[in-house]
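# Fold and geometry: a report
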Amino acid sequence: MSEAVNSPSGDGSPRNLSQAERAYLTLREEILSLRLEPGSPVQEEALTRELDLGRTPFREAVKRLAAESLVAIYPRRGTFVTEVNITDHALIADVRRRLEGHAARRAAERATEAERAELGELAGAVEHLPEERDAVMGVDARVHRTLYRCTHNGYLENTLGQYYNLALRIWGLFFDRLPDVTGHVTEHAELLKAVVSGDGERADRIAVEHVDHFESAIRRAI
């Protein structure tokens, strides 16, 4: 599982990772991909063996995931993957609606030339997107996480990353019931082009429309 950074949760290309970071990304991927189902126990002995993780990095990862509301720690009972509460979806979308547009605008203003080149390559990947579930969700995650990084605001990046992770689990649960998921992700092409060209106002508008589209699609699927 050391290839978690190349998974559908979309953490980009392989890079040198600390044991703690690898444990966090690997365990987070198990949760976001729903391989660790909502409500299931997070069993240290079994998972450290299966995922080839050390116990100390694993425990650090669990604490970090608890802070992000992906696991819940109950004294004397153990640690469990948090349930997906569908009623929270509108609340998550409300936060993302306010912040995704702001992040897109800041990325358009602040991205370096190297980052704009990276975003341009991502736009090409979006426009030639396979229809497989993992590919669709992986490219969507890469777009969002790259845009967050290009804001050069760690607070904004971390906050949006947390809310995106919560939305990603909801998407995973309803993926097979949603129409035109590929079309939903290919919407990013115009967003990325707006960011690359430095058009913050247009990037802001497209990002908000994208969140609205996703929220409406989930609401119809419920």
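Residues numbered from 1 in each chain as written. Predicted model: local features only at pLDDT ≥ 70, side-chain atom pairs only at ≥ 80, totals over all residues. Heavy atoms only, no water.

## Observations concerning the overall build of the protein
The condition is simple: Helix numbering and strand numbering both begin at the N terminus, where a helix is a DSSP run of H or I of at least 4 residues and a strand a DSSP run of E of at least 2. Radius of gyration: C-alpha atoms only; globule rule: 2.2 Å multiplied by the number of residues to the exponent 0.38. Relative accessibility thresholds used throughout: buried, under 20% of the residue-type maximum; exposed, over 50%; partly exposed, between the two (1.4 Å probe, protein chains only). In this description, contact between two residues means that some pair of their heavy atoms is separated by no more than 4.5 Å. Two residue types count as positive, namely Lys and Arg, and two as negative, namely Asp and Glu; His and chain ends fall outside the count. Lysine's charge is taken at NZ, arginine's at CZ, aspartate's at CG and glutamate's at CD.
A count of helical and extended segments in the protein gives 10 helices and 2 strands. Along the protein, helices (α) and strands (β) appear in the sequence α-α-α-β-β-α-α-α-α-α-α-α when read from the amino end. At 17 Å, the protein has a C-alpha radius of gyration in line with the 17 Å of a compact globule built from 222 residues. Dimensions of the protein, computed from C-alpha atoms along their principal axes, come out at roughly 50 × 40 × 30 Å. A burial count over the protein gives 50% of its 222 residues as buried. For the protein, long-range pairs separated by at least 24 residues make up 71% of all intrachain contacts whose partners lie at least 6 apart in sequence. Where the 29 positive side-chain charges of the protein centre and where its 37 negative ones centre are 5 Å apart.

## Things to note about the packing of helix α5 (residues 113–127) against helix α9 (residues 188–196)
The test is simple: Axes here mean lines fitted to C-alpha atoms, for a helix over just the part in contact, with angles spanning 0 to 180 degrees between N-to-C directions. Small angles under 35 degrees read as roughly parallel and large ones over 145 as roughly antiparallel, with 65 to 115 read as roughly perpendicular and the rest as oblique. If you view the pair so one helix is near and one far, a crossing is left-handed when the near helix is turned anticlockwise from the far one by less than a right angle, and right-handed when it is turned clockwise. All amino acids are sorted into three groups, where Ala, Val, Leu, Ile, Met, Phe, Trp, Tyr, Cys and Pro are nonpolar, Asp, Glu, Lys and Arg are charged, and the leftover types, Gly among them, are polar.
The contact between α5 and α9 brings their axes to 9 Å, and the two run at 165°. By the angle class used here, α5 and α9 are roughly antiparallel. You can see that α5 and α9 cross each other, and the crossing is left-handed. Contacts from Arg116, Leu119, Gly120, Leu122, Ala123, Val126 and Glu127 of α5 reach α9 at His188, Ala189, Leu192, Lys193, Val195 and Val196. Looking at side-chain class alone, the contact of α5 with α9 contains 8 nonpolar, 2 polar and 3 charged residues.

## Notes on the domain arrangement of the protein
How big an interface is tends to be reported as the loss of accessible area on association of its parts. Definition in use: Boundary definitions for the domains trace back to an automatic or database domain assignment. In short, buried area is how much 1.4 Å probe accessible area vanishes from two parts on joining, totalled over both.
The domain boundaries assigned to the protein delineate domain 1 (19–81) and domain 2 (87–221). The C-alpha-based centres of domain 1 and domain 2 are spaced at 26 Å. Each side of the interface is counted separately: domain 1 has 11 residues, and domain 2 has 9 residues. For the pair domain 1 and domain 2, the summed buried surface comes to about 830 Å²; carbon and sulfur atoms form 60% of the total.

## Points about helix α6 (residues 133–149)
Using the following cut-off: In this analysis, the expected span of each helix is defined as 1.5 Å times one less than the number of residues it contains.
Taking 1.5 Å per residue, 17 residues should reach 24 Å; α6 reaches 24 Å between its end C-alpha atoms and fits that length. The buried fraction of α6 is high, at 12 of 17 residues. When we look at burial in α6, the residues that qualify are Val136, Met137, Gly138, Val139, Asp140, Ala141, Val143, His144, Arg145, Thr146, Leu147 and Tyr148.

## A closer look at the packing of helix α4 (residues 89–110) against α6
Where α4 meets α6, the axes come as close as 8 Å, and the angle between the chain directions of the two elements is 65°. In this structure, α4 meets α6 at a crossing whose hand is left-handed. Taken together, the residues of α6 that come into contact with α4 (itself represented by Arg96, Glu100 and Ala107) are His144, Leu147 and Tyr148. In terms of residue class, the contact of α4 with α6 is made up of 3 nonpolar, 1 polar and 2 charged.

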